[in-house]
Amino acid sequence: MRQNIFSAISISSLLLIFFMFGYDSTKWYGNFFTFLYRVNMFMPFILGGLGITSALFGIKGYRMVLVVLHLFLLLLFFCIYLKAFYIL
């Protein structure tokens, strides 16, 4: 039962990170993601860490897939943050 909960937490954080990657602040759902960015600028990395740790405790067949997807999105966000902070 706990493995299902951990996998659900990992999948929900993965979806949040994915939607944070391409959100539009003018749409109806933009206020929630703007709120997440205002709470902490590094919220995708916090959610990614939470998602990776919960994926490691999740269902055995989905562990590697969830970890790889989280790492891919974290790498995308890291490249964007690196470009925004140091190149511009």
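Description of the structure in this document. (Residues numbered from 1 in each chain as written. Predicted model: local features only at pLDDT ≥ 70, side-chain atom pairs only at ≥ 80, totals over all residues. Heavy atoms only, no water.)

## Some thoughts on helix α4 (residues 63–87)
Convention followed: Under the scheme used here, helices are H or I runs from DSSP no shorter than 4 residues and strands are E runs no shorter than 2 residues, and both carry numbers assigned from the N terminus. To estimate the expected span of a helix, count its residues, drop one, and scale the result by 1.5 Å. Burial classes: relative accessible area under 20% of the type maximum marks a residue as buried, over 50% as exposed, and values in between as partly exposed (1.4 Å probe, protein chains only). What makes two residues a contact is simply this: any of their non-hydrogen atoms within 4.5 Å.
Given a rise of 1.5 Å per residue, 25 residues ought to cover 36 Å, and the 35 Å separating the end C-alpha atoms of α4 matches this to within 8%. Along α4, the residues that are buried comprise Leu66, Val67, His70, Leu73, Leu74, Phe77 and Tyr81. Contacts made by the buried residues of α4 are with α1 (2–21), α2 (30–39) and α3 (43–56).

## With respect to the packing of α1 against α2
The test is simple: The convention used is that axes are lines fitted to C-alpha atoms, helices contributing only their stretch in contact, and that angles between N-to-C directions extend from 0 to 180 degrees. Note on angle classes: values under 35 degrees are labelled roughly parallel, values over 145 roughly antiparallel, values of 65 to 115 roughly perpendicular, and the remainder oblique. Just so you know the grouping, Ala, Val, Leu, Ile, Met, Phe, Trp, Tyr, Cys and Pro go in nonpolar, Asp, Glu, Lys and Arg go in charged, and all remaining residues, Gly too, go in polar.
Packing of α1 against α2 leaves a shortest axis separation of 10 Å and a crossing angle of 100 degrees. Here α1 lies roughly perpendicular to α2, going by the angle between them. Contacts between α1 and α2 involve Leu16, Phe19 and Met20 from the first element and Phe32, Phe33, Leu36 and Tyr37 from the second. The class makeup of the residues in the contact of α1 with α2 is seven nonpolar, no polar and no charged.

## Regarding the side chain of Ser54
Relative to the elements of secondary structure, Ser54 occurs in helix α3. Looking at Ser54, the relative accessible area reads 5%, which means it is buried. Ignoring sequence-local partners within four residues, the contact set of Ser54 consists of Phe6, Ser7, Ile9 and Ser10.

## Some thoughts on the packing of α1 against α4
Selection rule: Here a crossing is taken to be left-handed if its near helix is turned anticlockwise relative to the far helix by less than a right angle, and right-handed if that turn runs clockwise.
As a packed pair, α1 and α4 sit with axes 10 Å apart at the nearest point and diverge in direction by 25 degrees. By the angle between their directions, the pair α1 and α4 is classed as roughly parallel. In this structure, α1 crosses over α4, and the sense of that crossing is left-handed. Residues Gln3, Ser7, Ser10, Ile11, Ser13, Leu14, Ile17, Phe18, Met20 and Phe21 of α1 form the contact with α4, whose participating residues are Arg63, Leu66, Leu69, His70, Leu73, Leu76, Phe77 and Ile80. Along the lines of polarity and charge, the residues of the contact of α1 with α4 split into twelve nonpolar, five polar and one charged.

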